[in-house]
Amino acid sequence: MVGWAPEGEARYHLAWEAAPSFSMEDKVTDSRKFTIEDERGAFEGRLDELMKEHEGEFVVFHHGEPVEFFGDHSTAYEYALDRFGLDDVFLIAEVAPPSSVPISIAWSAGVMFG
Amino acid sequence: MVKRNRGRRETKAEKRARKGRKPPTSITEHYASPRDLQLVGPLVWVAWSVPESLAARLRAAGRAVPAPVSGRLLVDTGASATAISVEAAQELGLQPVDIGHTYGAHGLQQNPIYEAHLSVSITGPGGQSGVEADLRVSGIRDMEAMFQKLGVKTGGRDGGRLVGLLGRDFLRHTVLTYNGTYGVVTIKIDPGSFAPRPTPRA
């Protein structure tokens, strides 16, 4: 088997540096059940701020807060599994302006059924 | 003075056999008719599975690792990235890690994004080889139902399940030949063009 890394991203990660007056341990965690949509909404709300220092990195979001940054999505995924377990909801998103992925026009248009 | 090698020369048959031992790098699909190829599009046999990072943690927790989901990907030159059917992702027990947007003729749609492992199998005279990757992929809903509407048998040997789209992120490493006149598709993979496997985190 040939390994396939389509993006060829860098394989490093950067720790999230919280503001000096802010401690992750002191943070009061919101105990309500977060959905992936909640996490995505929180990420989009913070995107402008994150872009300043972390553009192109992958961020792990949990309970609406950025937790850590990585150079590739696979490493971010491993980190999130270790930190939040197999059943919790977390978001892994690229810190990048929103974009859309094109899929086949024929597929969406139903041309295949003609 | 260079000594001429007077040893026995390799016969053409032996040369072919030696070459045949190389791992195959080409996928060739012969469709029953050009009409069949037109109807269903080029398809490639694959297997989706959970990423090894998840499988290892499931095993460590004493939980079962879901069996790979085998089926076919529709080769889609209109898709910039490979995608998984939501049905296959759910069968693997994958949880979405993000929400993305895809667009087509019906406009913008929201799709779950998963971490998944893809194996593309290649069978040839030299045996079996393949290409595999951990991917961050969009999930496409109702894909299998659409495939069934085409009249392609699903779940059997003929059609297999449609478990996603093979996009241009994969095709950029290949030479794709679509012979619509004869109903034959060949995908020649260039192994040298693939990036090295990600280095595990220390």
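Quick caveat: nothing in here was measured; it's all calculated off a predicted structure.

## Digging into the overall build of chain A
Piece 1. Along chain A, the regular secondary structure elements total 3 helices and 6 strands.
Piece 2. Of the regular secondary structure in chain A, the N- to C-terminal order runs β-β-α-β-β-α-β-β-α.
Piece 3. Every one of the 114 residues in chain A was classed for burial, and the buried ones make up 27%.
Piece 4. Expressed as a percentage of contacts within chain A between residues at least 6 apart in sequence, the contacts between residues at least 24 apart total 61%.

## Examining the pairing of strand 3 (residues 69-75) of chain B
Residues and elements named next belong to chain B.
Piece 1. Most of strand 3 sits out of view: 6 of its 7 residues are buried.
Piece 2. Relative to strand 3, strand 2 (residues 43-49) is paired through 6 bridges, and the arrangement is antiparallel. Each bridged residue has a counterpart across the sheet, and for tryptophan 45 the counterpart in strand 3 is arginine 72.

## Quick look at the nonpolar core
The tendency in soluble globular proteins is for nonpolar side chains to be buried as a group.
Piece 1. Within the largest apolar cluster, 59 residues are counted, with the highest numbers of intra-cluster contacts made by Ile92 of chain A together with Trp48, Ile84 and Ala116 of chain B.
Piece 2. In terms of residues, this core owes the most to one element, strand 6 (residues 107-124) of chain B, which gives 6 residues.
Piece 3. Contact partners of isoleucine 92 of chain A, with chain neighbours within four places excluded, come to Phe58, Val60, His73, Ala76, Tyr77 and Ala80 of chain A together with Val97 and Asp98 of chain B.

## What about the packing of helix 2 (residues 73-84) of chain A against helix 3 (residues 52-60) of chain B?
Between two packed helices, both the angle of their axes relative to each other and the distance between the axes serve to describe the pair.
Piece 1. Direction vectors running N to C along helix 2 of chain A and helix 3 of chain B enclose 15°, while the axes themselves pass 10 Å from each other. Judged by the inter-axis angle, helix 2 of chain A sits roughly parallel to helix 3 of chain B. Crossing of helix 2 of chain A over helix 3 of chain B shows right-handed handedness. Packed against helix 2 of chain A, whose contacting residues are Ser74, Tyr77, Glu78 and Leu81 of chain A, the element helix 3 of chain B presents Ser53, Leu54 and Arg57 of chain B at the interface.

## Examining the sheet that holds strand 9 (residues 174-179) of chain B
All names here are of chain B.
Piece 1. Taking strand neighbours across the sheet as the criterion, the 3 strands line up as 1-10-9 in an open arrangement whose pairing is antiparallel. Strands with a single pairing partner mark the edges of an open sheet, and in this sheet they are strand 1 (26-30) and strand 9. Strand after strand, the sheet turns through a mean of 5° between neighbouring axes, direction not considered.
Piece 2. Bridge count between strand 9 and strand 10 (residues 184-189): 6 bridges; the pairing is antiparallel. Each bridged residue has a counterpart across the sheet, and for threonine 174 the counterpart in strand 10 is isoleucine 189.

## Let's talk about the environment of valine 137 of chain B
All names here are of chain B.
Piece 1. Within the secondary structure, valine 137 sits in strand 7 (residues 127-140).
Piece 2. Taking the C-alpha atoms as reference points, valine 137 and glutamate 14, 123 residues apart in sequence, are found 44 Å from one another.
Piece 3. Excluding residues within four positions of it along the chain, valine 137 makes contact with Thr82, Ala83, Ile84, Ile113, Tyr114 and Ala116.

## Examining unusual backbone geometry
Residue and element names in this part refer to chain A.
Piece 1. Despite not being glycine, histidine 63 has its phi angle at roughly 50°, a positive value.
Piece 2. Looking at where histidine 63 falls in the secondary structure, it is placed in the loop between strand 3 (58-62) and strand 4 (65-70).
Piece 3. Judged by the 19 C-beta atoms lying within 10 Å of it, histidine 63 is partly exposed.

## Observations regarding the confidence of the model for chain B
When pLDDT drops low, the exact placement of atoms in the prediction is not to be read closely.
All names here are of chain B.
Piece 1. Of all residues in chain B, 80% attain a pLDDT of 70 or more, and the chain-wide mean is 82.
Piece 2. Helix 3 holds the highest mean pLDDT among the elements of chain B, 97, whereas helix 1 (residues 12-20) holds the lowest, 67.
Piece 3. Our summary of model confidence lists the complex with pTM equal to 0.77 and ipTM equal to 0.77.

## Structural notes on helix 1 (residues 36-54) of chain A
Note: α-helices contain 3.6 residues per turn, so residues at a spacing of three or four share the same orientation.
Piece 1. Taking 1.5 Å of rise per residue, 19 residues should cover 27 Å, yet helix 1 of chain A covers just 21 Å from first to last C-alpha, more than 12% shy of that figure.
Piece 2. A bend of about 60° at leucine 47 of chain A is the largest found in helix 1 of chain A.

So, how was this worked out
- Residues numbered from 1 in each chain as written.
- Chains lettered and ligands numbered in written order.
- Predicted model: local features only at pLDDT ≥ 70, side-chain atom pairs only at ≥ 80, totals over all residues.
- Helix = DSSP H or I, 4+ residues; strand = E, 2+ residues; numbered from the N terminus.
- Buried ≥ 20, exposed ≤ 12 C-beta atoms within 10 Å, placed from the backbone.
- Contact = placed C-beta atoms within 7 Å.
- Pairing = 2+ DSSP bridges.
- Core = buried A, V, L, I, M, F, W, Y, C linked by C-beta atoms within 7 Å.
- Axes fitted to C-alpha atoms, helices over the stretch in contact; angles between N-to-C directions.
- Parallel < 35°, antiparallel > 145°, perpendicular 65-115°, else oblique.
- Left-handed = near helix turned anticlockwise from the far one by under 90°.
- pLDDT = per-residue confidence, 0-100.
- Expected span 1.5 Å × (residues − 1).
- Bend = angle between axes of the 7 residues up to and from the residue.

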